[in-house]
Amino acid sequence: LFLKKNILIIYMPKKKTNVNLIDEYIEKIKSEKKVSEGTLKTYKNIGTNLPFNLLSSQPTIIKKLKELYDNPNTLQLYLNMIILVRRHNEEETDKLIKFRNSLRDEIIQSRKKNLDDLDDTLPKVDYIMEQLENLSGIRFILNYLMINHALRNKDINLKFVKALPENKSENYLMLKGKNVILDINDYKTDDKYGTKEIKISNEKFVNEIKKMKLNDGDYLLSMKNGDKIKNTSTFNDKILNLTIDKLGQNKLVKIMIKDLLNNKSFDKLEQMSKDRGTSLDILLKSYNLHNGEK
């Protein structure tokens, strides 16, 4: 603000773009806690794709989101991010939170319908177990971990070691006597559940690991040069192609949860919950094919 030849000149600060706002927020959360590559990518995509400013008025944001998206899960995802960024910039969020809360019933119904659709198309557990027994090598190992321990893709990014390091930052695999020990530190809910240790004594599994002849520091799945696969999309694609009928871990876990409930195998269900790092409540809501509309 200044006078120039008796004319009042007012310079307004340039409005921050969504990309600016997201980048600032990302820097904040990166300094405060560990954030996955997938989460950062999602945040950046939101900042790039939304055709309105995140600091617009709340009614404007709600109106635009309704025009752009019908899926309640997508709306919730975008609202979560927008609310976090606005809080970081000390902007009001009350109307956005109210709108987000109103989506809950729609999300529940959508999840139930999706579970019904899946239940009609997924193979039965007998077929899955038969296919598993006919596998060998890395395909047997990966599918076994998903079917028997409900592990996510990220959990299976395992490094073979002869002894666990003092400072554990990755997921480790080691042979100990007649067992295979998994020491999982980097996974979706690690901030809540901490290190997951899984001991596997299945004879075929142990033998398949031994047959791979891994050296200390080798990864179970690696780049061509032996390095760790750090790109999430690359790793997920590789895993998907190795699963039975390319079903992926999510569907395989759903098949197993249904079978455990059918057989009232509640101890095994609790073990799967612990190994996955997911509460029983979440398993029974989101992974239970019996939890559909029918």
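None of these values were measured; they are calculated from a predicted model. Per chain, residues are indexed from 1 in the order of the written sequence. Side-chain atom pairs in this predicted model are given and counted only at pLDDT of 80 or more, local residue features only at pLDDT of at least 70, and totals for whole chains, interfaces and linings cover all residues. Calculation of side-chain values draws on the structure's entire complement of heavy atoms; hydrogens and water are dropped beforehand.

(A) Representation of the packing of helix H3 (residues 58-68) against helix H5 (residues 94-102) in the model. Lines are fitted to the C-alpha atoms to define the axes, a helix being fitted only along its stretch in contact, and any angle between axes, read from their N-to-C directions, falls within 0 to 180 degrees. Secondary structure follows DSSP: runs of H or I at least 4 residues long count as helices, runs of E at least 2 residues long count as strands, and numbering of each begins at the N terminus. Contact pair H3 / H5: the axes reach a minimum separation of 8 Å and the direction vectors enclose 30 degrees. The angle between H3 and H5 falls in the class roughly parallel. Crossing hand, H3 versus H5: right-handed. Between H3 and H5, the contacting residues are Gln58, Pro59, Ile61, Ile62 and Lys66 on the first element and Asp94, Lys95, Leu96 and Phe99 on the second. Roughly parallel means an angle under 35 degrees; roughly antiparallel means over 145; roughly perpendicular covers 65 to 115; every other angle is labelled oblique. With the far helix as reference, a near helix turned anticlockwise by less than a right angle produces a left-handed crossing, and one turned clockwise produces a right-handed crossing. Here, two residues are considered to be in contact whenever any of their heavy atoms come within 4.5 Å of each other.

(B) Structural context of the pairing of strand S6 (residues 196-200). Note on exposure labels: buried denotes an accessible area under 20% of the residue type's maximum, exposed denotes more than 50%, and partly exposed covers the range between, all computed with a 1.4 Å probe on protein chains only. Residues of S6 alternate between two faces, with Lys196, Ile198 and Ile200 buried on one and Glu197 and Lys199 left unburied on the opposite face. Note: strand S5 (residues 179-184) against S6, five bridges, orientation antiparallel. Across the sheet, the residue bridging to Ile181 is Lys199, located in S6. Strands were regarded as paired on the criterion that DSSP finds at least two bridges between them.

(C) Expanded view of helix H4 (residues 72-88). A helix's residues, less one, multiplied by 1.5 Å, set its expected span. For H4, with 17 residues, the first-to-last C-alpha span of 24 Å sits near the 24 Å given by 1.5 Å per residue. Looking at H4, one finds that the buried residues are Pro72, Leu75, Tyr78, Leu79, Met81, Ile82, Ile83, Val85 and Arg86. Counted as a polar contact is a pair of N or O atoms within 3.5 Å, where, for protein atoms, one must be capable of donating a hydrogen and the other of accepting one, and residues adjacent in sequence contribute only when both atoms are in side chains. For H4, the side-chain oxygen to backbone nitrogen distance between the N-cap and Asn73 is 2.7 Å, and the N-cap itself is Asn71. At the C-terminal side of H4, Glu90 shows a positive phi close to 55 degrees.

(D) Main features of the environment of Tyr187. Its location among the elements puts Tyr187 in the loop between S5 and helix H9 (190-193). With 32 residues separating them in the primary sequence, Tyr187 and Asp155 have C-alpha atoms 5.5 Å apart. A distance of 2.4 Å separates a polar atom in the side chain of Tyr187 from the backbone oxygen of Gly194.

(E) Fine view of the packing of aromatic side chains. We call Phe, Tyr and Trp rings a pair once their centres come within 6.5 Å, taking the six-membered ring for Trp, and we label the pair stacked below 30 degrees between planes, edge-to-face above 60, and tilted otherwise. Scanning the entire structure with this criterion turns up four aromatic pairs. Ring geometry for Tyr69 and Tyr78: centres 4.9 Å apart, planes at 50 degrees, overall tilted. Just as Tyr69 is buried, Tyr78 falls in that class too. Ring centres of Tyr144 and Phe205 lie 4.9 Å apart, and the angle between their planes is 35 degrees; on these two criteria the pair is classed as tilted. Residue Tyr144 is located in helix H8 (residues 137-149), and its partner Phe205 is located in helix H10 (residues 203-211); the two are separated by 61 residues in the primary sequence. Each member of the pair, Tyr144 together with Phe205, is buried. Pairwise contacts between aromatic rings join Phe140, Tyr144 and Phe205 into one cluster.

(F) Seen up close, the nonpolar core. The term nonpolar core refers to a set of buried residues drawn from Ala, Val, Leu, Ile, Met, Phe, Trp, Tyr and Cys, joined through side-chain atoms within 4.5 Å. Leu145, Ile156, Leu173, Leu182, Phe205 and Leu220 are the most contacted members of the largest nonpolar core, which totals 45 residues. The element that contributes the greatest number of residues to this core is H8, accounting for seven residues. If near-sequence neighbours (up to four positions away) are discounted, Leu182 is found in contact with Leu145, Leu151, Leu158, Tyr172, Leu173, Lys196, Glu197, Ile198 and Ile200. Tyr25, Leu40, Ile46 and Leu54 belong to the second largest nonpolar core, which has 27 residues in total.

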